[in-house]
Amino acid sequence: MKKWFKYIKFLLTIVVILLFGIYIYRNPEILTSLKGINPLFIVITMILFLIVFLLEGLFVKITLQAFDKDITVKESFYIATISRIGNYLLPMRAGAIFRATYLKNKYSFEYSKFLSTLYGYYIILFLVYSSMGILSLIIKWIFFKELYLLLLIFFSVLFITMLLLMFVRVPNKRTIKTENNFLIKISKFFQKFGQGWDTIVKNKKLLKRLILVTVGHIIINTIIIYVEFIALNITIDIPNLLLYSSLSGASLLISLTPGSLGIREGVFLITSQSIGLVQEQILQLAIIDRGIMFILLILMMIFVSIFLKEFNLKDAFFAKKEN
């Protein structure tokens, strides 16, 4: 079943790309406004994306410290970059596999603990995004008399769910009484996963640092979105900007394609009235955002292969575990 699901995700990605291509072919005017974009905005966006990579790397570095594993900022940036490259340019969330295997082979960082850090990352990320979504919707309701109840319910449920997942922990010391070795291994894996997450949550200082890094990550992402709006001469106010950014983050809940390609755009098309955009503007924003990210990741592939050779991904994959 898992094997078929991978093929379905890959096929879905191809279908989305084809649909994008067909729509743009039939509506060439969408590309017209892209020709006049000032290259300065592209450069600024790329620099901001690199800051996002750095913050994602810092998140990895801080979480590893909870397990007495220390890496340099340089190496954390490398890990975040290869993760982005894998997640955006390759199918089936290859970036997460790269990161997990790299840390496992080079630092003996167990997969269960890696998953607990990934779990923590998304909990904090969705918690902050849902908070921002609720705030933007309340502002629109109070000051602009615009109430989008379904979106408010969605972000509220997401916020409460993330709080529960963060602080309500299920006892993980129970062992399954069975002779089935597979079930025993699964049980031990989830025990270690729970213990790993507990290690992160119980360290209040570390948790605060992770939240601050995540808030910084979201602020930079929101600035990127604003720069893309300016580049396309699209006017947007602060509440709609915050809502757009929140919806962009929430779309990661459904990561069926690399970088949620098509999923995020579908979310924007469905909620276009709430963010005050028309279909053409949404697709223009998608093209410039995806295009800049694609070019940047190609450039970063060249950069890491030349200037970050000491963190060779291939060598780490086949390295012997450290004792």
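Above this text sits the structure in question.
A short note on the overall build of the protein
- For the protein, the count of helices and strands is 14 helices and zero strands.
- The helix and strand sequence of the protein, counted from the amino end, reads α-α-α-α-α-α-α-α-α-α-α-α-α-α.
- Looking at the protein as a whole, 49% of its 323 residues are labelled buried.
- Excluding contacts between residues fewer than 6 apart, the proportion of contacts in the protein whose partners are at least 24 apart in sequence is 76%.

Regarding the side chain of lysine 61
- Residue placement: lysine 61 occurs in helix H3 (residues 39-65).
- Ignoring sequence-local partners within four residues, the contact set of lysine 61 consists of Asp70, Ile71, Thr72, Val73 and Ser76.

Considerations on helix H10 (residues 238-250)
- A rise of 1.5 Å per residue sets the reference length of H10, with its 13 residues, at 18 Å; its end C-alpha atoms lie 18 Å apart and thus fit the reference within 8%.
- The buried count for H10 comes to twelve of 13 residues, which makes it a mostly enclosed element.
- Among all positions in H10, only Pro239, Asn240, Leu241, Leu242, Leu243, Tyr244, Ser245, Ser246, Leu247, Ser248, Gly249 and Ala250 are buried.
- The inward-facing, buried residues of H10 abut helix H6 (111-144), helix H7 (149-167), helix H9 (204-231), helix H11 (263-270), helix H12 (272-275) and helix H13 (279-307).
- You can read the cap of H10 off the contacts: a side-chain oxygen lies 3.0 Å from the backbone nitrogen of asparagine 240, and it is on aspartate 237.

Description of the packing of H6 against H10
- At a minimum axis separation of 8 Å, H6 and H10 run at an interaxial angle of 150°. The element H6 and its partner H10 pack so that their crossing is left-handed. For the pair H6 and H10, the contacting residues are Phe126, Tyr129, Met132, Gly133, Ser136, Leu137, Ile139, Lys140 and Phe144 in the first and Pro239, Asn240, Leu242, Leu243, Ser245, Ser246, Gly249 and Ala250 in the second.
- Looking at the contact of H6 with H10 residue by residue, the class counts come to ten nonpolar, six polar and one charged.

Some details on the packing of H10 against H11
- Put simply, H10 and H11 touch, their axes get as near as 9 Å, and they point 140° apart. Between H10 and H11, the angle is such that the two are oblique. Regarding H10 and H11, the two cross each other, and that crossing is right-handed. Facing H10, whose interface residues are Tyr244, Leu247 and Ser248, H11 presents Arg264, Val267 and Phe268.

Basis of the calculations
- Along each chain, numbering runs from 1 in the same order as the chain's sequence is written.
- The predicted origin of the model limits local features to residues at a pLDDT of at least 70 and limits the giving and counting of side-chain atom pairs to 80 or more, whereas totals for whole chains, interfaces and linings rest on all residues.
- Side-chain measures were taken over the full set of non-hydrogen atoms in the model, leaving aside hydrogen atoms and water.
- In this text, helices come from DSSP runs of H or I with a minimum length of four residues, and strands from runs of E with a minimum of two, each type numbered from the N-terminal end.
- The buried label goes to any residue with under 20% of its type's maximum accessible area, the exposed label to any with over 50%, and the partly exposed label to all in between, with areas taken from a 1.4 Å probe on protein chains only.
- Two residues form a contact once any of their heavy atoms are found within 4.5 Å.
- In this scheme, a helix's expected span is set at 1.5 Å multiplied by one less than its residue total.
- Nitrogen and oxygen atoms within 3.5 Å of one another constitute a polar contact, given that in protein one can donate a hydrogen and the other can accept it, and given that sequence-neighbouring residues count only through two side-chain atoms.
- Note on geometry: axes are C-alpha line fits, over the in-contact stretch for helices, and angles between N-to-C directions span 0 to 180 degrees.
- A clockwise turn of the near helix away from the far one marks a right-handed crossing, whereas an anticlockwise turn of less than a right angle marks a left-handed crossing.
- For this classification, Asp, Glu, Lys and Arg are treated as charged, while Ala, Val, Leu, Ile, Met, Phe, Trp, Tyr, Cys and Pro are nonpolar and the rest, including Gly, are polar.
- The labels follow the angle: roughly parallel below 35 degrees, roughly antiparallel above 145, roughly perpendicular from 65 to 115, and oblique for the rest.

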